[in-house]
Amino acid sequence: MNRKEISNSLCEILVGQFTGETSLQIVDCYNFFVIKGYTTSTDVLDLTEVVSNFENKNELKKINIIDLIVYNTKKDTESSDIPSYFSVSSEVYSN
């Protein structure tokens with residue numbers, strides 16, 4: 001399983017764990033994954049347990065995560081309390 005497949009599979013599993021409207025994105029930072037997004041659910045999900053089960057099921061080594069999920073929030077397309085993020089799509093090298 002490559003890292004893109006890990007990100008996509010894990011994201012699908014996590015979205016399925018929430019009740020209510022949920023939108024998540026997983027960013028691969030090589031040493032860790034950042035899980036960010038929003039959900040209307042008020043129940044905070046224990047990501048450590050879900051990720052651990054995912055690791056065991058797929059026979060993967062430890063996946064380190066950072067949880068940036070905003071709970072009890074509905075995405076408003078005009079104005080949002082959800083912070084803006086940016087990502088770099090390619091590696092940056094120094095001399």
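Residues numbered from 1 in each chain as written. Predicted model: local features only at pLDDT ≥ 70, side-chain atom pairs only at ≥ 80, totals over all residues. Heavy atoms only, no water.

Asks: Just give me the short version of helix 1 (residues 3-17), but keep the residues and values in it.
Replies: For an α-helix the count is 3.6 residues per turn, leaving residues at separations of three or four pointing the same way. When the terminal C-alpha atoms of helix 1 are compared, their 21 Å separation across 15 residues agrees well with the 21 Å that a helix rising 1.5 Å per residue should span. All buried positions along helix 1 are accounted for by Ile6, Ser7, Leu10, Cys11 and Leu14. Taken around the axis of helix 1, the buried residues stretch over an arc of 125°, which confines them to a single face. For helix 1, the exposed residues set more than 90 degrees away from the buried face come down to Lys4, Glu12 and Gly16. Buried residues along helix 1 sit against strand 1 (22-28), strand 2 (33-39) and helix 2 (47-57). N-capping of helix 1 is provided by Asn2, with a side-chain oxygen placed 3.0 Å from the backbone N of Lys4. (Helix = DSSP H or I, 4+ residues; strand = E, 2+ residues; numbered from the N terminus. Expected span 1.5 Å × (residues − 1). Buried < 20%, exposed > 50% of the residue type's maximum accessible area, 1.4 Å probe, protein only. Arc of directions from axis to C-beta. Contact = heavy atoms within 4.5 Å. Polar contact = N/O pair within 3.5 Å; in protein donor to acceptor, adjacent residues only side chain to side chain.)

Asks: Describe in detail the confidence of the model for the protein, supporting the description with residues and values.
Replies: Considering every residue of the protein, the mean pLDDT works out to 82; 79% of them sit at 70 or more. Confidence, expressed as mean pLDDT per element, reaches its minimum in the protein at strand 1 with 90 and its maximum at helix 2 with 95. Predicted confidence for residues 82-95 stays below pLDDT 50, and this span has four contacts to residues more than four positions away or in other chains. (pLDDT = per-residue confidence, 0-100.)

Asks: An account of the nonpolar core is needed here, citing residue identities and associated values.
Replies: With 17 residues, the main nonpolar core has Leu14, Ile26, Leu45 and Ile69 as its most contacted residues. When residues of this core are traced back to their parent elements, those giving at least two are helix 1, strand 1, strand 2 and helix 2. Residue contacts for Leu14: discarding those within four places in its chain leaves Leu24, Ile26, Ile35, Leu45, Leu47 and Val50. (Core = buried A, V, L, I, M, F, W, Y, C linked by side-chain atoms within 4.5 Å.)

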